[in-house]
Amino acid sequence: MRLLCVGYRSWALNIYKKISLIPDIKIHIIESKDEFDIQNVKKLNPSKILFYGWSWIVPEDIINNYECFMLHPSDLPKYRGGSPIQNQILDGLTESKLTLFKMTENMDDGPIYGKLDLSLKGEIKDIFKRLEINGYKLTEMLINDECIPYLQNDNEASYCKRRKPEESEITIEDLTNHDGNYLFNKIRCLTDPYPNAFIRTKDGKKLYIKSVKFDENPLRN
């Protein structure tokens, strides 16, 4: 099997490195948008293409002529779209799924090839580690032809938008209208490599919040 593995996030690259150790697998890894070229793909003529953690639109010419797969950290068809981890955490979810699906011309709506549990508790680095472990397991199933694909139910679909850096601001409205758990979740889901949460100081500068702890006990006199 010839695999083309496209991705730049550390968890995706770690999955690809583990795949490269599987016997009888020929693998080529592309780590940046600049390296991804349609003509190069045609020369490689891969059996399958993996776009794990990829942030850019894949040309229809590639999707229509190759088997392309993606991992999405939500229980598809729920939370199709951008920033699924952040949007689920901000909605108060602590448990979700990691979904392996075959890509189509439409966003995140292709046949599902497998799902595994994905806890959204802890720091982003903890979530990424779980994503890496179960992402590799799903990929093994795909390579070994152990997946039984099924169509998504569009009637159950929900959508989310990719978050913008300016949405990372902790505002006066946040402090006034939300409880401590919401603010804790907002900060923890925006740690590196995402645009960090920040507050604006009196002089207009940004004070970034890199980590957060939450004390659930009420204040004592």
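See the structure printed just above.
So, here's what we can say about the structure. Keep in mind that what you see is a predicted model, and the values were worked out from it rather than measured. (Residues numbered from 1 in each chain as written. Predicted model: local features only at pLDDT ≥ 70, side-chain atom pairs only at ≥ 80, totals over all residues. Heavy atoms only, no water.)

### A closer look at the overall build of the protein chain
Then comes step 1: Regarding its fold elements, the protein chain presents seven helices and 10 strands.
Then comes step 2: Residues counted as buried form 43% of the 221 residues belonging to the protein chain.
Then comes step 3: For the protein chain, contacts bridging at least 24 residues in sequence account for 62% of all contacts bridging at least 6.
Then comes step 4: With an accessible surface of roughly 12,800 Å², the protein chain has 49% of that area assigned to carbon and sulfur atoms.
Then comes step 5: The average position of the 32 basic charges and that of the 33 acidic charges among the side chains of the protein chain differ by 4 Å. (Helix = DSSP H or I, 4+ residues; strand = E, 2+ residues; numbered from the N terminus. Buried < 20%, exposed > 50% of the residue type's maximum accessible area, 1.4 Å probe, protein only. Contact = heavy atoms within 4.5 Å. Areas by Shrake-Rupley, 256 points an atom, 1.4 Å probe, with all protein chains shown as cover. Lys, Arg positive; Asp, Glu negative; His and termini not counted. Charge placed at Lys NZ, Arg CZ, Asp CG, Glu CD.)

### With respect to the environment of Asn155
Then comes step 1: Position of Asn155 relative to the elements: it lies in the loop between helix H5 (124–143) and strand E8 (159–160).
Then comes step 2: Assessed through its relative accessible area of 77%, Asn155 is described here as exposed.

### Brief notes about the side chain of Thr99
Then comes step 1: Considering the arrangement of structural elements, one finds Thr99 in strand E6 (residues 95–102).
Then comes step 2: A distance of 2.6 Å separates the side chain of Thr99 from the backbone oxygen of Ser74, its partner in a polar contact.
Then comes step 3: In this view, Thr99 contacts Met70, Leu71, His72, Ser74, Asp75, Leu76, Ile112, Gly114 and Lys115; residues no more than four positions away in its chain are not counted. (Polar contact = N/O pair within 3.5 Å; in protein donor to acceptor, adjacent residues only side chain to side chain.)

### Looking at unusual backbone geometry
Then comes step 1: Cis geometry is found at the peptide bond from Leu76 to Pro77, where omega equals 15°.
Then comes step 2: Take Pro77: it is sitting in the loop between strand E4 (67–72) and strand E5 (80–81).
Then comes step 3: Backbone torsion omega between Asp192 and Pro193 reads 15°, so that peptide bond is classified as cis.
Then comes step 4: Positionally, Pro193 belongs in the loop between helix H7 (180–188) and strand E9 (197–200).
Then comes step 5: Positioned with a positive phi, Tyr79 is a non-glycine residue whose angle comes to about 60°.
Then comes step 6: Inspection of the secondary structure assignment puts Tyr79 in the loop between E4 and E5.
Then comes step 7: The buried category is assigned to Tyr79, whose relative accessible area is 14%.

### Some remarks on the nonpolar core
A general feature of soluble globular proteins is that nonpolar side chains tend to end up buried together.
Then comes step 1: In this structure, Trp11, Ile19, Leu50, Tyr52, Leu71, Ile85 and Leu100 are the most contacted members of the largest nonpolar core, which totals 38 residues.
Then comes step 2: Every element with two or more residues in this core is listed here: strand E1 (2–6), helix H1 (10–19), E4, helix H4 (84–90), E6, strand E7 (112–119), H5 and H7.
Then comes step 3: Those residues in contact with Leu50, other than ones at most four positions away along the chain, are Leu4, Cys5, Val6, Tyr16, Ile19, Phe69, Thr139 and Leu142.
Then comes step 4: If you look at the next biggest cluster of nonpolar residues, it comprises 18 residues, including Leu4, Phe51, Ile63 and Tyr66. (Core = buried A, V, L, I, M, F, W, Y, C linked by side-chain atoms within 4.5 Å.)

### Section: the sheet that holds E6
Strand pairs in the sheet, formed through backbone hydrogen bonds, run parallel or antiparallel to each other.
Then comes step 1: Spatially, the six strands line up as an open sheet ordered E2-E1-E3-E4-E6-E7, and their pairing is mixed. Two strands in the sheet have a free side with no partner beyond their single neighbour: strand E2 (26–30) and E7. If you compare each strand with its neighbour and ignore which way they point, the axes differ by 20° on average.
Then comes step 2: As defined by bridge partners, E6 adjoins E7 across seven bridges and the pair is classed as antiparallel. Paired with Phe101 across the strands is Ile112, a residue of E7.
Then comes step 3: Helix-sheet contacts for H1 involve E1, E2, strand E3 (48–51) and E4, and the interaxial angle to E2 is about 160°. (Pairing = 2+ DSSP bridges. Axes fitted to C-alpha atoms, helices over the stretch in contact; angles between N-to-C directions.)

### Quick word on the environment of Gly81
Then comes step 1: Relative to the assigned elements, Gly81 resides in strand E5.
Then comes step 2: In this structure, the C-alpha to C-alpha distance between Gly81 and Lys18, residues 63 residues apart in sequence, is 27 Å.
Then comes step 3: With residues up to four places along the chain from it excluded, the contact list for Gly81 reads His72, Met107, Asp108 and Cys160.

### A closer look at the environment of Thr191
Then comes step 1: Tracing the chain through its elements places Thr191 in the loop between H7 and E9.
Then comes step 2: Considering only alpha carbons, one finds Thr191 and Leu138, 53 residues apart in sequence, at a separation of 26 Å.
Then comes step 3: Once residues lying within four places of it in the same chain are set aside, the contact partners of Thr191 are Ile124, Asn196 and Lys210.
Then comes step 4: Looking at Thr191, its side chain comes within polar contact range of the main-chain oxygen of Arg188, at 3.2 Å.

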